[in-house]
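Structure assessment
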Amino acid sequence: MADHITALAAHEPELRHHFDDSAQQLESSTLGMWVFLVTELMFFGGMFASYTVYRNLYPEAFASASHSMNLLIGAINTGVLIFSSFTMVLAVRSAQLGQKKALIAFLILTLILGCVFLSLKATEYHEKWVEHHIPGPGFQYADARYFHQAQILFFLYFAMTGMHAIHMIVGAGLLIALIVMAARNRFSAAWYTPVEIIGLYWHFVDIIWIFLFPLLYLIGHTK
Amino acid sequence: MNHQIVSVKTYAAVFFALLALTITTVAVSRLDLGEYNFIVAMAIAAVKGTLVVAFFMDVRRASSMTRLFVCAGLFWLAILLVFLLSDYLSRGWLPVSRWL
């Protein structure tokens, strides 16, 4: 009994008492985050499903509208997001090693790359506004045959990339919280769960973009 | 903490593979492969997604329980897409008058 109490008193301060050990605690946090990410997958899945239906119904209009997307910005943004996932994973690695300075540096780098992505996205939205490619009363399209059908792709474009951008903004907020926590010495090699699970969130948002990029930007370039 | 820490080299290799696949998918989209354009683009995206899930999200070393949850999510997404397409793609196969 006395041994048991000593063991309890000696355990790591960040270990909640209903877990056997840190590994189990991290495991349950990771699993919980994955459950959330699966619901996110189904949420985006609904939009991917409606994209599938309309692209199947109007393939020529989708190819034509996709051709007007800014491929250069789309491709650069894909690279930026992949790079930010790389810096995020290095941040998690620094946390595992207990390297506070490296952790903060990589988190800030990830945040900057996320902001670069959002700025380029804003530039693209502005371009769409100037070209009157925003669905609604002001919509204009060069090819009159696809006037109505092209609006469906632009609507899906704004819904899907807009939802993705909102997830990026939330991710940026979470990164700021992590940077503050890291600066206040909240993390150690023994406990860095928030870094780990926000890393999972960041990579998930990256994966959504990996699928959005070819679906929105890369159809209709063969003509 | 219960795992060995992955080397920067491994992460860098995954990062460069992802960049190379992005360049490949842009290059392939300029070739006219007909139906295969879509299949190749989705195959490359699936490989990139798998790399991110396996290495960056560390699912290759995660517990069986976590892997089961990830697979269940993908399975449910497959139900959504496959059942939807089994409706839309099969319309008009049978000589039934349209009532939709």
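Up top you'll find the structure we're talking about.
Source: prediction; values computed, not measured. (Residues numbered from 1 in each chain as written. Chains lettered and ligands numbered in written order. Predicted model: local features only at pLDDT ≥ 70, side-chain atom pairs only at ≥ 80, totals over all residues.)

1. Quick notes on the overall build of chain B
- When you go through chain B residue by residue, the secondary structure sums to 3 helices and 0 strands.
- In summary, chain B has a C-alpha radius of gyration of 19 Å against a globular reference of 13 Å for 100 residues, an excess of more than 25%.
- Dimensions of chain B, computed from C-alpha atoms along their principal axes, come out at roughly 65 × 40 × 15 Å.
- Looking at chain B residue by residue over its 100 residues, the buried ones come to 21%. (Helix = DSSP H or I, 4+ residues; strand = E, 2+ residues; numbered from the N terminus. Rg over C-alpha atoms; globule rule 2.2 N^0.38 Å. Buried ≥ 20, exposed ≤ 12 C-beta atoms within 10 Å, placed from the backbone.)

2. Focus on the overall build of chain A
- In terms of helices and strands, chain A carries 7 helices and 0 strands.
- Helices (α) and strands (β) of chain A occur, in sequence order from the N terminus, as α-α-α-α-α-α-α.
- Against the 2.2 N^0.38 benchmark of 17 Å for 223 residues, chain A shows a C-alpha radius of gyration of 22 Å, more extended than a compact globule.
- Scored against the burial criterion, the 223 residues of chain A give a buried share of 37%.
- Within chain A, contacts between residues separated by at least 24 positions form 79% of all contacts whose residues are at least 6 apart in sequence. (Contact = placed C-beta atoms within 7 Å.)

3. Focus on the interface of chain A and chain B
- Contact residues are listed per partner, giving 38 residues for chain A and 39 residues for chain B.
- Top element by residues in the side of chain A that touches chain B is helix 2 (residues 22–57) of chain A. It accounts for 16 residues.
- Counted by class, the side of chain A that touches chain B contains 23 nonpolar, 12 polar and 3 charged residues. (Nonpolar A, V, L, I, M, F, W, Y, C, P; charged D, E, K, R; others polar.)

4. A look at the nonpolar core
- Counting 76 residues, the largest nonpolar core has Ala91, Leu107, Leu153 and Val195 of chain A as the members making the most contacts within it.
- Among the secondary structure elements, those contributing two or more residues to this core are helix 2, helix 3 (59–67), helix 4 (71–97), helix 5 (100–130), helix 6 (147–183) and helix 7 (193–217) of chain A together with helix 1 (8–29) and helix 2 (36–56) of chain B.
- Per element, the largest residue contribution to this core is 17 residues, and it comes from helix 7 of chain A. (Core = buried A, V, L, I, M, F, W, Y, C linked by C-beta atoms within 7 Å.)

5. Considering the packing of helix 2 of chain A against helix 3 (residues 64–88) of chain B
- Remark: helix 2 of chain A packs on helix 3 of chain B, axes separated minimally by 9 Å, with the N-to-C direction vectors making an angle of 15 degrees. It follows that helix 2 of chain A is roughly parallel to helix 3 of chain B by the angle criterion. Seen from above, helix 2 of chain A lies across helix 3 of chain B with right-handed handedness.
- Classifying every residue of the contact of helix 2 of chain A with helix 3 of chain B gives 19 nonpolar, 6 polar and no charged. (Axes fitted to C-alpha atoms, helices over the stretch in contact; angles between N-to-C directions. Parallel < 35°, antiparallel > 145°, perpendicular 65-115°, else oblique. Left-handed = near helix turned anticlockwise from the far one by under 90°.)

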